[in-house]
Amino acid sequence: MPGDLSWAAGQLPTPLGAVQVRWALAPSSALVAAVRVTVPAGSTCVLALTAALQGQRVTVDGQAVTLDTSLSDDTDLDAGSCRYLTLSGSGDKLVEVYA
């Protein structure tokens, strides 16, 4: 877990617009964390969830999704115990991780 850190936010400028991310640990026992990602139009973002945030169920905008155990391209990410979620399209996506 991230120690006493209960939320974080940031953005990364890209040629297609800024990718914005904000996550917060949830006070509920069922909901572990909520991550809001803003995806610029015409782009794809990959969200890597560490072992500390991997739950039994993950949803994107209320719909259950399955996390990938590896990346299908040559993206240079340290796999470790991460699981990956690819977010396509544009606008805000709400990712919720449940225990």
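Refer to the structure above for everything that follows.
Residues numbered from 1 in each chain as written. Predicted model: local features only at pLDDT ≥ 70, side-chain atom pairs only at ≥ 80, totals over all residues. Heavy atoms only, no water.

A. Layout of the nonpolar core. Counting 17 residues, the largest nonpolar core has Val35, Leu47, Leu49, Val58, Leu85, Leu87 and Val95 as the members making the most contacts within it. Mapped by element, the contributors of at least two residues to this core are β2 (19-25), β3 (31-39), β4 (44-49), β5 (57-60), β7 (83-88) and β8 (91-98). When sequence neighbours within four positions are dropped, the list of residues in contact with Leu87 reads Val37, Val39, Ser43, Thr44, Cys45, Val60, Lys93 and Val95. (Core = buried A, V, L, I, M, F, W, Y, C linked by side-chain atoms within 4.5 Å. Buried < 20%, exposed > 50% of the residue type's maximum accessible area, 1.4 Å probe, protein only. Helix = DSSP H or I, 4+ residues; strand = E, 2+ residues; numbered from the N terminus. Contact = heavy atoms within 4.5 Å.)

B. Summary view of the pairing of β5. Direction of pairing for β5 relative to β8: antiparallel, over a ladder of four bridges. Residue Val60 lies in a different strand from β8, and its bridge partner there is Val95. Inspection of the sheet shows β5 paired to strand β6 (residues 63-65) by three bridges, in the antiparallel sense. Of the residues in β6, the one forming a bridge with Val58 is Val65. Between the end of β5 and the start of β6, which pair antiparallel, lie two residues, with Asp61 showing a positive phi angle near 50°. (Pairing = 2+ DSSP bridges.)

C. The side chain of Thr59, seen in detail. Tracing the backbone shows Thr59 in strand β5. The exposure class of Thr59 is buried, given its relative accessible area of 1%. Discounting residues that sit within four places of it in the chain, Thr59 has contacts with Ala64, Val65, Leu94, Val95, Glu96 and Tyr98.

D. Structural context of the side chain of Glu96. Assignment of secondary structure puts Glu96 in strand β8. No salt bridge is formed by the buried Glu96; its nearest oppositely charged neighbour, Arg57, is found at 6.9 Å. Of the polar contacts made by the side chain of Glu96, one reaches the side chain of Tyr98; its length is 3.2 Å. Ignoring sequence-local partners within four residues, the contact set of Glu96 consists of Leu31, Ala33, Arg57, Val58 and Thr59. (Lys, Arg positive; Asp, Glu negative; His and termini not counted. Salt bridge = Lys/Arg side-chain N within 4 Å of Asp/Glu carboxyl O. Polar contact = N/O pair within 3.5 Å; in protein donor to acceptor, adjacent residues only side chain to side chain.)

E. Just the environment of Val95, in detail. Following the sequence through the fold, Val95 ends up in strand β8. A C-alpha to C-alpha distance of 9.4 Å links Val95 and Leu85, two positions 10 residues apart in sequence. Sequence-distant contacts of Val95, that is, excluding residues within four places in its chain, are made with Ala33, Ala34, Val35, Leu47, Val58, Thr59, Val60, Leu85 and Leu87.

F. Looking closely at unusual backbone geometry. The phi torsion at Asp61 lies on the positive side, around 50°, for a residue other than glycine. Here Asp61 is to be found in the loop between β5 and β6.

G. Looking closely at the sheet that holds β2. Within the open sheet, the six strands sit side by side as β1-β2-β3-β8-β5-β6. Their pairing is antiparallel. Strands with a single pairing partner mark the edges of an open sheet, and in this sheet they are β1 (7-12) and β6. Strand-to-strand twist of the sheet, defined as the mean angle between neighbouring strand axes without regard to direction, takes the value 20°. (Axes fitted to C-alpha atoms, helices over the stretch in contact; angles between N-to-C directions.)

Honestly, it's all geometry; don't read function into it.
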